[in-house]
Amino acid sequence: NPAPAMQPQQPGMGQPGMGQPGIAPPAAAEIFQENIDYSIRVPPEILRLASKYVPASAHLGHQTKVPLGAVIRPLAPLKGGEEIAPVQPGAAGIVRCKRCRTYINAFVTFVENGRRWRCNICSQLNEVPAPYFCHLDEEGRRRDRDSRPELSQGIVEYIAPSEYMVRPPQPPTYFFVIDVSAASVRSGMLGAAARAISASLDSLPGSPRTQVGFLTFDDSVHYYSLKSGLSSPQMLVVADLVELFVPAPDDLLVNLQESRDVVDVFLENLPTMFDGTTAEQACLGPALKAAFTVSKHIGGKMCVFQSVLPTLGDGALVPRENVGIMGTPDEIKLLRPGTKWYNDTAVEFSRAQISVDMFLFPRAYVDVASLADLPRITAGTLHTYPGFDAASDGPRFESELRRALTRHTAFEAVMRIRCTRGMRISNFYGNFFVRGTDLLALPNCTSDSVFAFDLQHDEQSLGSSVVTIQSALLYTSSEGERRIRVLTQAIPVSSLASEVIGSVDADAASALLAKQALDIGLKTNLDNARNKLQQACVDLVRASKEGDRPRTVSGYAAPPPMGGQGGHPGPQGGPGDNGDKPLPANLELLPLYTLALMKNVAFRGGTDVHPDERVQAMHRLAGMGVAESKHFVYPRMFSVHDMPPSAGLPSNTPPPEDGDEDNDDAVAGQDRIELPRVLNLTVERLASDGIFLLDNGVDMFLWVGRSSDPAILNSLFGTNSLENVDMSQVQLRTSGNDLASRLHAIACALREDDTPQNLIAKVTI
């Protein structure tokens with residue numbers, strides 16, 4: 001488990017500047033925590049705590065059953081498009097604790113008139129470098145704190161000096177590995193991928209330094225020389241999958257600006273280049289090895305497009321699909337990798353700073369459980385499009401690929417999270433490779449990358465009134481600048497059970513519990529995962545009803561009496577056992593979210609969930625932020641047939657002053673489009689004369705009642721009735737009348753966020 005305090009960096013070990021895991025420092029006589037300004041906080045879109053208070057002791061933590069931890073999205077865009085101004089270290093360099101390597105922050109204490117500062121993580125007293133010295137005011141705070149972001153804000157970004165570099169910053173590199181077997185050609189995937197890549201070239205990060213390369217494969221591997229000056233790319237085919245070699249290695253990865261003409265020609269020809277292919281098999285493993293050989297010296301992002309189960313060469317997989325064990329405890333075997341090859345390859349990729357984004361287009365079983373190791377360990381993403389159809393699925397796939405290519409991306413990143421002595425980080429969740437015990441290796445970290453961690457008591461009681469969490473992300477920006485993004489959050493400590501339970505954020509706690517349950521499910525089985533969710537909810541609800549004063553008998557804790565107060569028998573659920581005590585307002589939705597999680601594709605029992613579908617849902621849920629996770633497990637259902645005239649139009653209501661719109665279901669999108677009424681997810685809400693839009697953040701479904709108003713049907717679908725109509729031919733109108741335009745605006749707004757790379761929704765009728 002990660003140590004909460006680190007020894008100073010040893011030469012030649014670990015990542016420069018990130019500190020080194022080591023033994024916790026000896027306990028100090030007292031940790032001083034003075035003048036804590038809790039208004040200094042990390043924006044909630046970046047860090048969401050499961051609880052806003054930490055129990056003062058391990059016993060209280062066990063009593064309250066509150067899940068301690070947080071969900072962190074380190075590169076999330078800030079509300080309103082705010083930018084974090086980078087800090088250029090002065091003559092003193094970046095000031096850090098000499099014992100645990102914590103970065104100086106807004107919650108450290110300065111003593112001896114500012115000559116020394118006490119670390120709020122390990123309590124070490126550190127000398128203030130002479131160039132960094134400043135006198136203190138009458139409250140013991142530095143007089144220059146407001147002019148120093150690191151002392152006045154919860155988030156700061158340093159421009160890192162040379163000692164934080166292992167090698168010079170590399171240019172952003174994008175390598176595309178594309179399955180061109182007959183299945184890919186027939187589905188139209190090649191054309192959609194070529195269009196999306198072509199549309200993204202002008203927006204790829206890092207211009208004019210950006211490099212690109214392409215490799216295609218079916219039952220052989222095809223390289224493409226894209227050397228500038230060529231009129232068209234040169235295809236080089238290697239059919240020997242055992243003794244694979246790389247021809248013309250210098251021309252396979254090229255500067256995009258210099259070779260733009262030949263890249264454009266290649267993408268223009270790609271959709272039709274393999275029209276006559278008869279190859280039904282694919283050699284993904286050899287293709288990955290070839291792509292690794294080309295790009296291992298520089299790293300970057302690798303996009304892999306795969307349509308069939310890889311059955312040739314290294315990494316060949318066999319069909320493991322077994323309907324007989326689905327819905328049983330043995331089903332977990334199908335959800336774990338069938339081979340270690342992809343795990344070992346992913347570790348190799350991570351060490352070479354290569355991140356894999358995988359796009360799968362299966363029409364049959366493709367063993368997603370084995371393939372998913374590549375994006376999971378290399379900090380990439382996994383997307384699947386079962387039964388891909390270019391007409392209906394193409395726009396969504398293209399928008400997701402464009403977003404993956406053009407969103408804000410940090411390269412060659414590592415992240416470490418520290419916390420105050422007495423607590424420890426016990427588990428990490430997300431896509432990464434752990435170096436040592438607690439250094440998360442992230443070849444790519446994007447604005448959509450989400451991680452989570454558990455916080456546990458490491459000592460029986462805390463010697464401080466505040467716990468501090470600090471996350472440091474060291475990365476290379478797309479402009480080639482080495483930076484460190486430091487997030488520091490102070491959390492008050494409480495000895496009151498009611499205060500701790502009353503501070504639980506049900507949305508964040510549900511997201512954290514989901515990630516914990518996924519971990520348990522894959523290590524044991526899905527029954528244990530569902531039991532974990534149910535037990536965590538029951539324990540927290542029970543603790544919330546017990547209050548601050550547990551009943552004692554002769555000085556020992558005892559369960560509540562079976563009857564009413566005063567020892568008199570009372571009805572079950574009466575005052576004597578807190579049965580009538582209502583849930584705190586902040587926990588009212590926790591049982592609902594827990595039940596929704598247990599019914600989610602990632603967890604639910606039964607034999608109707610295909611293993612590939614379940615693995616994709618688990619992978620998606622593991623990488624979701626708080627708001628996305630909430631909507632994924634408990635979708636929003638909008639009433640379309642009776643929506644007010646203002647729905648689908650920009651709202652006139654000003655945004656909340658605090659800027660936190662996670663719980664605002666009234667508007668969506670950058671233009672604050674007004675949404676229709678949100679209904680509870682009960683069958684009673686569905687009416688035969690109604691039309692309802694169901695959205696879980698990934699898929700949209702339009703439920704149309706048999707008795708729907710013909711005028712509305714005509715506006716939306718161009719027909720007065722859907723009876724006896726081939727639904728594959730029915731398309732939802734996006735314009736032409738007021739209702740269709742407003743519904744289209746709503747669907748688009750639900751996929752918008754604070755990044756310019758908005759997604760396109762696929763609406764299934």
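This text goes with the structure placed above it.
The text that follows walks through the structure, step by step, so that each part is easy to find. All figures in this text were calculated on a predicted structure; none of them were measured in a lab.

About the criteria used
- Note on numbering: residues in each chain are counted from 1, in written sequence order.
- The model is predicted, so local features are restricted to residues of pLDDT at least 70 and side-chain atom pairs to those at 80 or more, both for listing and for counting; the totals for chains, interfaces and linings are taken over all residues.
- To obtain the side-chain values, all non-hydrogen atoms of the structure were included, while hydrogens and water were left out.
- Salt bridges are defined as contacts in which a side-chain nitrogen from Lys or Arg sits within 4 Å of a carboxyl oxygen from Asp or Glu.
- Strands here are runs of E lasting at least two residues and helices are runs of H or I lasting at least four, both read from the DSSP assignment and numbered beginning at the N terminus.
- The buried label goes to any residue with under 20% of its type's maximum accessible area, the exposed label to any with over 50%, and the partly exposed label to all in between, with areas taken from a 1.4 Å probe on protein chains only.
- Residues form patches when they are more than 30% accessible in relative terms and have no salt bridge. Like charges link within 9 Å. Nonpolar side chains (Val, Leu, Ile, Met, Phe, Trp, Tyr) link within 5 Å.
- Under the convention used here, a 1.4 Å probe and the Shrake-Rupley method define accessible areas, while residue burial counts only the protein chains that appear.
- Each pair of strands is called paired provided DSSP finds at least two bridges between the two strands.
- To define axes, lines are fitted to C-alpha atoms, for helices over the stretch in contact only, and angles between the resulting N-to-C directions are given on a 0 to 180 degree scale.
- Roughly parallel here means an angle under 35 degrees, roughly antiparallel means over 145, roughly perpendicular means 65 to 115, and every remaining angle is called oblique.
- Helix crossings get a hand from a simple test, with the near helix turned counterclockwise from the far one by less than a right angle marking a left-handed crossing and a clockwise turn marking a right-handed one.
- Contacts between residues were defined by any pair of non-hydrogen atoms, one from each residue, lying within 4.5 Å.
- Throughout, the ten residues Ala, Val, Leu, Ile, Met, Phe, Trp, Tyr, Cys and Pro are labelled nonpolar, Asp, Glu, Lys and Arg are labelled charged, and all others, Gly among them, are labelled polar.
- Definition of nonpolar core: a set of buried residues of the types Ala, Val, Leu, Ile, Met, Phe, Trp, Tyr and Cys, connected through side-chain atoms within 4.5 Å.

### Structural notes on the pattern of salt bridges
Under the defined criterion, the tally for this structure stands at 39 salt bridges. Note that Asp 505 is salt-bridged to Arg 48, the shortest N-O span being 2.9 Å. Residue Asp 505 is found in the loop between helix H12 (497–502) and helix H13 (506–523), and its partner Arg 48 is found in strand E3 (residues 47–49); the two are separated by 457 residues along the sequence. Taken individually, Asp 505 and Arg 48 each receive the classification buried, so the pair is uniform in this respect. Arg 73 is the salt-bridge partner of Asp 448, the closest N and O atoms lying 3.3 Å from each other. With Asp 448 in the loop between strand E22 (439–446) and strand E23 (451–457) and Arg 73 in the loop between strand E5 (69–72) and strand E6 (86–87), this pair connects stretches of sequence that are 375 residues apart. The structure contains a network of salt bridges with shared partners spanning Arg 73, Lys 301, Asp 357, Arg 403, Arg 407 and Asp 448.

### Considerations on a nonpolar patch on the surface
Taken together, the side chains of Met 235, Val 237 and Met 273 present a nonpolar region at the surface, about 230 Å² in accessible area. Take Met 273: it is sitting in helix H5 (residues 260–273). Residue classification places Met 273 among the partly exposed positions, given a relative accessible area of 31%.

### Some thoughts on the sheet that holds strand E7 (residues 109–111)
The strand order E7-E8-E9 describes an open sheet built from three strands, whose pairing is antiparallel. The open sheet has two free edges, formed respectively by E7 and strand E9 (125–127), since each of these has just one partner strand. Averaged over all adjacent pairs, the angle separating strand axes in this sheet is 35°, with direction ignored. Across three bridges, the pairing between strand E8 (residues 116–118) and E9 is antiparallel. Bridging across to E9, Trp 117 finds its partner in Asn 126.

### A word on the packing of H13 against helix H14 (residues 526–546)
Where H13 meets H14, the closest approach of the two axes is 7 Å, and the angle between their N-to-C directions is 150°. Of the possible angle classes, the one that applies to H13 and H14 is roughly antiparallel. With respect to the hand of their crossing, H13 and H14 are arranged in right-handed fashion. Here Leu 513, Ala 514, Gln 516, Ala 517, Ile 520 and Gly 521 of H13 come into contact with H14, specifically with Leu 526, Asn 528, Ala 529, Lys 532, Leu 533 and Ala 536. Within the contact of H13 with H14, the residues separate by chemical class into eight nonpolar, three polar and one charged.

### Points about the nonpolar core
Core analysis: the largest hydrophobic core is formed by 71 residues, its most contacted members being Val 177, Leu 215, Met 302, Phe 603 and Leu 621. Considering every element that reaches this core, the biggest residue donor is helix H6 (residues 284–295), with seven residues. Excluding its chain neighbours within four sequence positions, the residues that come into contact with Leu 621 are Ala 514, Lys 515, Leu 518, Leu 597, Ala 602, Phe 603, Ser 629, Phe 632 and Val 633. Ile 425, Leu 440, Ile 491 and Val 626 belong to the second largest nonpolar core, which has 58 residues in total.

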